[in-house]
Number of protein chains: 2
Amino acid sequence: MRRTQSGDEMAFRVGVIGGGQLARMMVPPAVHLGLDIRVLAEAEGSSARLAATQVGDYRDVDTVLAFARDLDVVTFDHEHVPQHVLRALVEAGVRVHPAPEALAVAQDKILMRQRLTELGLPVPDWAAVADSGELAAFLADHGGRAVVKTPRGGYDGKGVRVVRAADEADDWFAALAEGDQGDALLVEELVEFRRELAQLVARRPSGDVVAWPLVETVQRDGVCAEVIAPAPGAAGRVAELAGQIARTVADEVGVTGVLAVELFETTDDRLLINELAMRPHNTGHWSIDGAVTGQFEQHLRAVLDLPLGSTAPHADWSVMANVLGGPEQGTLADRLPALMADQPTAKVHDYGKDPRPGRKVGHVTVSGDDLDDAVWRARAAASFFEG
Amino acid sequence: MRRTQSGDEMAFRVGVIGGGQLARMMVPPAVHLGLDIRVLAEAEGSSARLAATQVGDYRDVDTVLAFARDLDVVTFDHEHVPQHVLRALVEAGVRVHPAPEALAVAQDKILMRQRLTELGLPVPDWAAVADSGELAAFLADHGGRAVVKTPRGGYDGKGVRVVRAADEADDWFAALAEGDQGDALLVEELVEFRRELAQLVARRPSGDVVAWPLVETVQRDGVCAEVIAPAPGAAGRVAELAGQIARTVADEVGVTGVLAVELFETTDDRLLINELAMRPHNTGHWSIDGAVTGQFEQHLRAVLDLPLGSTAPHADWSVMANVLGGPEQGTLADRLPALMADQPTAKVHDYGKDPRPGRKVGHVTVSGDDLDDAVWRARAAASFFEG
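Residues numbered from 1 in each chain as written. Chains lettered and ligands numbered in written order. Predicted model: local features only at pLDDT ≥ 70, side-chain atom pairs only at ≥ 80, totals over all residues.

## Structural notes on the overall build of chain A
Alright, step 1. Per the secondary structure count, chain A includes twelve helices and 17 strands.
Alright, step 2. Taken over the C-alpha trace, chain A has a radius of gyration of 21 Å; the compact-globule value for 387 residues is 21 Å, and the two agree within 12%.
Alright, step 3. Expressed as lengths along the three principal axes of its C-alpha atoms, the size of chain A is roughly 65 × 50 × 45 Å.
Alright, step 4. Looking at chain A as a whole, 53% of its 387 residues are labelled buried.
Alright, step 5. Restricting to contacts in chain A with at least 6 residues of sequence separation, those with at least 24 account for 63%. (Helix = DSSP H or I, 4+ residues; strand = E, 2+ residues; numbered from the N terminus. Rg over C-alpha atoms; globule rule 2.2 N^0.38 Å. Buried ≥ 20, exposed ≤ 12 C-beta atoms within 10 Å, placed from the backbone. Contact = placed C-beta atoms within 7 Å.)

## Some remarks on the interface of chain B and chain A
Alright, step 1. Counting residues at the interface gives 41 residues for chain B and 41 residues for chain A.
Alright, step 2. Those elements that place two or more of their residues in the side of chain B that touches chain A are α1 (21-33), α11 (332-342) and β16 (347-350) of chain B.
Alright, step 3. Looking at which element gives the most residues to the side of chain B that touches chain A, the answer is α11(B), with seven residues.
Alright, step 4. For the side of chain B that touches chain A, the per-class residue count stands at 21 nonpolar, 13 polar and seven charged. (Nonpolar A, V, L, I, M, F, W, Y, C, P; charged D, E, K, R; others polar.)

## Digging into the environment of V215(B)
Residues and elements named next belong to chain B.
Alright, step 1. Its place among the elements puts V215 in strand β11 (residues 215-220).
Alright, step 2. In this structure the C-alpha to C-alpha distance between V215 and Q199, which are 16 residues apart in sequence, comes to 6.5 Å.
Alright, step 3. Once residues lying within four places of it in the same chain are set aside, the contact partners of V215 are L197, A198, V227, I228, A229, P230, A231 and T283.

## With respect to the relation of the copies chain B and chain A
Mapping between the two copies of the chain is achieved by a rotation about an axis and a shift along the axis.
Alright, step 1. The two copies are related by a screw operation: chain B maps onto chain A through 180° of rotation and 0.0 Å of translation along the axis, at an RMSD of 0.0 Å. The superposition of one copy onto the other is thereby described by a two-fold rotation axis. Of every C-alpha in chain B, the one belonging to P28(B) sits nearest the axis of rotation, 2.1 Å from it. (Least-squares fit on C-alpha atoms with pLDDT ≥ 70 in both.)

## A word on the domain arrangement of chain A
In many analyses, interface size is given as the accessible surface area lost on bringing the parts together.
Alright, step 1. Once the domains are mapped, chain A shows domain 1 (7-96), domain 2 (125-189) and domain 3 (193-384).
Alright, step 2. For domain 2 of chain A and domain 3 of chain A, the distance between their C-alpha centres works out to 29 Å. (Domains from an automatic or database assignment.)

## Side note on the pairing of strand β13 (residues 257-266) of chain A
Across a regular strand the side chains alternate sides, sitting on one face of the sheet and then on the other.
All names here are of chain A.
Alright, step 1. Across the ten residues that make up β13, a large majority, nine, are buried.
Alright, step 2. As paired strands, strand β9 (residues 193-203) and β13 are joined by ten bridges and run antiparallel to one another. Looking at β13, one finds that L200 is bridged to A260.
Alright, step 3. Both β13 and strand β14 (residues 271-277) contribute to a ladder of six bridges, which runs antiparallel. Across the sheet, residue V261 finds its bridge partner in β14, namely L276.
Alright, step 4. Hairpin geometry of β13 and β14 is characterised by an intervening segment of four residues between the two adjacent antiparallel strands and by a positive phi of about 65° at D269. (Pairing = 2+ DSSP bridges.)

## Thoughts on the sheet that holds strand β4 (residues 73-76) of chain B
Residue and element names in this part refer to chain B.
Alright, step 1. Read across the open sheet, the four strands follow the order β3-β2-β1-β4; overall the sheet is parallel. The open sheet is flanked by β3 (52-55) and β4, the only strands paired with a single partner. Direction aside, neighbouring strands of the sheet carry axes that sit 25° apart on average.
Alright, step 2. Two strands pair when backbone bridges link them, and strand β1 (residues 13-17) and strand β2 (residues 36-41) are joined in this way by five bridges, in the parallel orientation. Considered in β2, the bridge of V16 is made with V39. (Axes fitted to C-alpha atoms, helices over the stretch in contact; angles between N-to-C directions.)

## What about the sheet that holds strand β5 (residues 126-129) of chain B?
All names here are of chain B.
Alright, step 1. Overall, antiparallel pairing links the four strands, which are arranged β5-β8-β6-β7 in an open sheet. Where the open sheet ends on each side, the last strands, each with one partner, are β5 and β7 (160-163). The average angle at which neighbouring strand axes cross in this sheet is 25°, direction not considered.
Alright, step 2. In this sheet, β7 lies alongside strand β6 (residues 146-149) in antiparallel orientation, the contact comprising four bridges. The residue of β7 that forms the bridge with V148 is R161.
Alright, step 3. On top of the sheet, helix α5 (residues 109-118) reaches β5, β6 and β8 (185-189); it is set at about 50° to β8, its chief contact.

## Describing the pairing of strand β4 (residues 73-76) of chain A
Residue and element names in this part refer to chain A.
Alright, step 1. A two-sided burial pattern is seen for β4, the buried positions comprising V73 and T75 on one face and V74 and F76 on the other.
Alright, step 2. Relative to β4, strand β1 (residues 13-17) runs parallel, the two sharing four bridges. Across the sheet, the residue bridging to V14 is V73, located in β4.

## Notes on helix α2 (residues 61-68) of chain B
Residue and element names in this part refer to chain B.
Alright, step 1. Of the residues making up α2, those classed as buried are V64, F67 and A68. Buried residues of α2, viewed axially, fall in a sector of 95°; they line one side. Seen from the buried face of α2, the exposed residues on the opposite side, beyond 90 degrees, are D62 and A66.
Alright, step 2. Check the buried side of α2 and you find it contacts β1, β2, β3, β4 and α3 (83-91). (Arc of directions from axis to C-beta.)

## So, the nonpolar core
Alright, step 1. Of all hydrophobic cores here, the largest spans 222 residues; its most connected members are V14(A), L259(A), V14(B) and L259(B).
Alright, step 2. In this structure, L259(A) is in contact with V201(A), R203(A), A246(A), V249(A), A250(A), L276(A) and M278(A), ignoring residues within four places of it in sequence.
Alright, step 3. In terms of nonpolar packing, the next biggest core, distinct from the first, is built from 15 residues, I110(B), A127(B), L135(B) and V163(B) among them. (Core = buried A, V, L, I, M, F, W, Y, C linked by C-beta atoms within 7 Å.)

## Observations regarding unusual backbone geometry
Most peptide bonds take the trans configuration, and most residues that are not glycine carry a negative phi.
Alright, step 1. Between A229(A) and P230(A) the backbone carries a cis peptide bond, its omega angle lying at -5°.
Alright, step 2. Looking at where P230(A) falls in the secondary structure, it is placed in the loop between β12 (223-229) and α8 (237-253).
Alright, step 3. Residues other than glycine seldom take positive phi values, yet D70(A) does so here, at roughly 70°.
Alright, step 4. Tracing the backbone through its elements, the reader meets D70(A) in the loop between α2 (61-68) and β4.
Alright, step 5. Overall, D70(A) belongs to the exposed group, with 12 C-beta atoms counted inside 10 Å.
Alright, step 6. In this model, D305(B) sits at a positive phi of 55°, which is unusual for a non-glycine residue.
Alright, step 7. Among the secondary structure elements, D305(B) is positioned in the loop between α10 (295-303) and β15 (317-324).
Alright, step 8. The class for D305(B) is partly exposed, based on 18 C-beta atoms found within 10 Å.

## Side note on the packing of α2(A) against helix α3 (residues 83-91) of chain A
All names here are of chain A.
Alright, step 1. Closest axis-to-axis distance for the α2/α3 pair is 10 Å, and the angle between their directions is 40°. The orientation of α2 with respect to α3, classified from their angle, is oblique. When you trace α2 past α3, the crossing you get is right-handed. Along its contact with α2, which presents V61, V64, L65 and A68, the element α3 presents V85, A88 and L89.
Alright, step 2. The class makeup of the residues in the contact of α2 with α3 is seven nonpolar, no polar and no charged. (Parallel < 35°, antiparallel > 145°, perpendicular 65-115°, else oblique. Left-handed = near helix turned anticlockwise from the far one by under 90°.)

## Here we look at the confidence of the model for chain A
Fine structural detail should not be taken from predicted coordinates in areas where pLDDT scores are low.
Residue and element names in this part refer to chain A.
Alright, step 1. Confidence in the prediction for chain A averages 94 pLDDT; 96% of positions are at 70 or higher.
Alright, step 2. Between residues 1-7, whose pLDDT stays under 50, and residues either more than four places distant or in other chains, the model counts 13 contacts.
Alright, step 3. Interface confidence in the predicted complex, given as ipTM, is 0.95; pTM for the same model is 0.96. (pLDDT = per-residue confidence, 0-100.)

Shown next as structure tokens:
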């Protein structure tokens, strides 16, 4: 199966569509495992520029087919590659993981809710609503408040809105009539939750699934700010249930690579699925430094259908803190000396992106046997990169 | 100090001379820390090809000066860059770490023995011998046997020979007369040792030094085969002494970056310095996966004069096994599926080099709380890549 010439020719060859930080963080494990990694980036100077062998539009079939030539597998930094492009790859004989049919479920939130409901998995009450009249009916049934989501293209709190009146989504209904974003919005009950959790698993095409420990995620303004691994006090029933949910999604939807299942732990002790992501995910970044096999290595192994690695953690606790926005003046590099001097156990990740308010530009992880200490150190380290 | 344009312009910029596996393994931490890493490789298709921005001869001043333009620091994959090239860099205002004066001590084994002896550090009995008469005198004083070494260019057992008669080094004396390898050979007593150890430290230009745990190294045919971290049973006096020796060398010789001190633990309970290396070293590979800060990250931090990271290990034991030669047929990639299926806790490192008898083409590391189990697993994992 492997080519026999020297150099890159001998290696498994993985192509990643999208040049963001997720593609960037696939580079280190690719180097260690001896994989040849190639990135199709949106622009010059992308976060994954070191491995960017091509710059082009991932919505263009010819561009993507040219990129995929001679690759062993194509995978993704994001979930935005259109279905017709994905299907053209498959028709051309390219191995694509996750497969188009699975990715479709992550690309459209209404389709996601339909599939999860069909599978009998726990989700918030939901409906697809085509106009404000249908939204009004849902609000009337759910105490006068709900969450409205655009089915496609939302991330990090974008495309999500809490509404208390049926006219508060009129602009989105108007946009539906004009665009190609489907013919309905998703509306969900506003869940009363104690905290948010995330369960990451990885699945090979041949079927094996491994799970990392269930984690707690702390959101600020709709964006993940911190992750605690494992989720405190969730060792028993909750962790088991989360694992079952994620494995069921992976198996039944046929997800390959890393699957992230974001969950609400409700005030009445239920777990409800909030979102799915079919790629390495912010809530799994702790595993790069905190587990035997990090999510980026595991994703590469999974999409190549290689046996999966141990997900055992290195320490009792790992805490990851995102760096949002970055320094107001200068660059992250300017802040490295002070951060490193103050926190010698912090694992620093700078995504090589220009600082901009609210933008994820890096993260730090601290592991140890004392949770409070790890939380404090991770926050302290991240704070050197901010403000 | 940092540039303010987008992309690579914002990052610290490190240049590495030499495109071998040591340069290759600097790439992952450079990506994580947001450093811009550039490699001057000897040839196309080098082990560090992903970061190789230039291919050229490191013995050519103009080539190296052109490579060093706009770099924050130049460091090395090997110790073979000639002194006149190093000094030209310094004269051009380039920061070079380790500095030429320190590297000189690693480049010439006679100079190394002289400096270590001046510093009062424990070394085997030695002499610089210019002809077989001087060698005969040394043999007569040391029980009729000794180790002869060429002062320059030796590695992995090359340039090292055990002799029992004064004429057994005649070919090397003849070569001395012809070449630029100095005017003497190094001869040393044949040390009766119980085992070999290695102490790695890292030092910043501003002076801070950190040490990893002392490790035991198992050699086969003059080449490092396995490393056990920490060295079993060496927690007390031996570990303390090894740390003192390495710190003294780093401070007094002015080494910057990673320094490896290879040691003999003698049958009469002494520690004697065998070799020095002023770069990340095979005996420190376990730290990539087994310590909070691996040697390659630490080397980058040190040569940039950034604060050093914690060297704490993740587990009670880490065992590294080298992959020597590689598979007789096919490539390492062919063997990955079987290796990964058998050893899910093994951290695999494939240097992207063509298999060749005796060549270091990769390594594996296994960490855990049971030494025998870790040794067994590391050997088992490495064996999938061999034969």
